[in-house]
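Topology and contacts: notes
Read off the chains here:
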Amino acid sequence: MAPSLTTFTSFLSFFFLLHHISVHSLTRPSGFTTDLIHREYSALSPFYDPSHTKFDRFRNTIHSSFSRLSKLSSSQNTIQSQITPVPGAYLMNVSIGTPPFNILGIADTGSDLTWTQCPPCIQCFKQNSPLFDPKYSSTYKNVPCISRPCTAVRPATCSPNNYCGYKLYYGDNSFTQGDVAVDSFTFGSTSGQPITIPNVVFGCGHENGGTFKEFTSGIVGLGGGPLSIISQLKDSINGKFSYCLVPLDEQSKTSKINFGSNAAVSGTGVVSTPLITKSLSTFYYLNLEKITVGKQTLEFKASSNSRKEGDVEGNIIIDSGTTLTLLPSDLYSGLVSKVKESVNENPIKDPNGDFGLCYSIGDNGEVQNLNLPTIIFHFTGADVDLPAKQTFLEVEEGLVCLTIVPNDEIAIFGNLSQMNFLVGYDLVNKEVSFKRTDCTMQ
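Everything quoted here is computed from the prediction, not taken from an experiment. (Residues numbered from 1 in each chain as written. Predicted model: local features only at pLDDT ≥ 70, side-chain atom pairs only at ≥ 80, totals over all residues. Heavy atoms only, no water.)

1. Details of the environment of Phe-47
Selection rule: The numbering of helices and of strands both runs from the N terminus, where a helix is a DSSP run of H or I of at least 4 residues and a strand a run of E of at least 2. Burial here depends on accessible area, computed with a 1.4 Å probe over protein chains only, as a share of the maximum for the residue type. Under 20% is buried, over 50% is exposed, and the range in between is partly exposed. For this analysis, residues touch if any pair of their heavy atoms sits within 4.5 Å.
One can find Phe-47 in the loop between β1 (31-38) and α2 (54-76). The class for Phe-47 is buried, based on a relative accessible area of 13%. For Phe-47 and Thr-216, which are 169 residues apart along the polypeptide, the C-alpha to C-alpha distance reads 9.2 Å. Once you skip the residues sitting within four places of it in the chain, Phe-47 turns out to touch Arg-39, Leu-91, Lys-213, Phe-215 and Thr-216.

Printed below as a string of structure tokens:
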């Protein structure tokens, strides 16, 4: 059947809209910074429960991290996965439409499509704040089925009116389904001057459910795929973003995410490693060559499957949404063995069974007294030093545990290992940079 005149007209108008996206640049300086809010620890988060102890918050955080892990593993093994990881640990405010309508989304480097709940709701999870209603935005447009954004949606659907739809399923059995659309996005900035970007592709979800909580509206996709916020802003921000995550015990300060010229990572102490491109473009892959524990070095050995497939580079994902760092069992076992050799105390069991190496720190609470070693991650071209206070955390009163755990499905450099680093992503030059930084001062 030949396309109707209406279909052709909508395609033609959307072609010009896409052209506008490609030539658009920020009229203000091409850089801005906004807040990242830790969902469990920050008093700015609606999830924050003042009755919880720091140990309650940490257990909640790592359990969500384990849920996320299960889906990161299955996602990377699926060429065109319909299932995305369980969303991560940080929240981000963004406004959609004209006039701007504020939503609070889960900021996620493991997701691409940004989406929010929208009426009419066929099925929506309870949301405390009002839903974004596209009929009140003068800049909202549905995306036609015959368009580049629609071809990037996996899987895409097509309505009888020839408008594009999406379906996403998460690892904890949560889901979202709705319309693919474009609208203006406004980002708050620490400069006090909001930044508005027109024609951002996103999802308007009419069927959403599962484990999403009433405090959030949806997901802010910061992955590497074509529909992520990062990829859509690529020309405006010169393909650069960075973040600085404050330690868990410093949540009176707010973590920051920077875009464009604000995302520069420069000066003394910067180390950089290649960003490895793989077929699954959502995730950010690095190459880990070895790990040093104290003065002893352990090689990262490629798995038999990797050698067979010729896929020996890009053996670890860097992910801001996963709390713990995960390593293959053989590498993890070697690391634990070397740590034990450095410590003059006998390890004790974690009563909850979450961690494999723990020590008692007694009443003084001083990790330094255990003589725990520095652990160095040797990425290709970049050595990232992690002091003991970054790799061992007090998970219960008087009990510190190694926050690196074994997993043979996928290796992840998690957010605890990235705290107090300025971590910069350059998607043009395809590299990730690290600079030791006091993130509370950013």
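2. Some remarks on the sheet that holds strand β16 (residues 288-293)
Stated precisely, the cut-off is as follows: Here, a strand pair is defined by DSSP locating no fewer than two bridges between the strands. The axes used here are C-alpha line fits, helices contributing only the stretch in contact, and every angle between their N-to-C directions lies in the interval 0 to 180 degrees.
Read across the open sheet, the four strands follow the order β17-β16-β21-β22; overall the sheet is antiparallel. Only two strands of the sheet have a single partner each, and these edge strands are β17 (296-299) and β22 (382-386). Going across the sheet, the axis of each strand differs from the next one's by a mean of 20°, ignoring polarity. Here β16 pairs with β17 via four bridges, running antiparallel. Among the inter-strand pairings, Val-293 is bridged to a residue of β17, identified as Gln-296. Helix α6 (residues 329-342) contacts β16, β17 and β21 (375-379) of the sheet and is inclined by roughly 170° relative to β17.

3. Focus on the packing of aromatic side chains
Here the distance between the centres and the angle between the planes together describe a pair of aromatic rings. Defined as follows: The rule is short: rings of Phe, Tyr and Trp, with Trp giving its six-membered ring, pair when the centres are within 6.5 Å, and they are stacked under 30 degrees, edge-to-face over 60, tilted in between. We count a charge as sitting over a ring when the NZ of a lysine or the CZ of an arginine lies within 6 Å of the ring centre and within 35 degrees of the ring normal.
Within the structure shown, the criterion is met by 23 aromatic pairs. On the numbers, 6.3 Å between centres and 45° between planes, the contact of Tyr-359 with Phe-392 is tilted. Residue Tyr-359 is found in strand β20 (residues 358-360), and its partner Phe-392 is found in strand β23 (residues 392-396); the two are separated by 33 residues along the sequence. The pair Tyr-359 / Phe-392 is uniform in exposure class, with both members buried. Consider the rings of Phe-413 and Phe-434, whose centres lie 6.2 Å apart with planes at 90°: the pair is edge-to-face. Pair noted here: Phe-413 is in strand β26 (residues 412-413) and Phe-434 is in strand β28 (residues 431-436), with a separation of 21 residues, a long-range link. Taking the relative accessible area as the measure of exposure, Phe-434 reaches 1% and is therefore buried. By the ring-pair criterion, three or more aromatic residues cluster together here, those being Phe-101, Phe-132, Tyr-140, Phe-185 and Phe-202. Here the guanidinium or amino end of Lys-278 rests over the ring plane of Tyr-285, the centre of that ring lying 4.8 Å away. For Arg-436, the ring lying beneath its charged end belongs to Phe-421, and the centroid distance is 3.9 Å.

4. Quick notes on the environment of Asn-407
Selection criterion: Under this definition, polar contacts are N or O atom pairs within 3.5 Å; protein pairs additionally need one hydrogen-donor-capable and one acceptor-capable atom, and for neighbouring residues in sequence, both atoms have to be side-chain atoms.
Position of Asn-407 among the secondary structure elements: in the loop between β25 (404-406) and β26. Judged by its relative accessible area of 15%, Asn-407 is buried. Spatially, the C-alpha atoms of Asn-407 and Thr-325 are 9.6 Å apart, while their sequence positions differ by 82 residues. In terms of polar contacts, Asn-407 uses its side chain to reach the backbone amide nitrogen of Ile-410, at 3.0 Å.

5. A word on the pairing of β1
Counting buried residues in β1 gives seven out of eight residues, a clear majority hidden from the surface. Alignment of β1 against strand β13 (residues 255-260), held across six bridges, turns out to be antiparallel. Each residue of the ladder has a partner; that of Asp-35, found in β13, is Lys-256. Where β1 meets strand β3 (residues 90-96), two bridges bridge the pair, whose relative direction is antiparallel. If you follow His-38 over to β3, its bridge partner there is Tyr-90.

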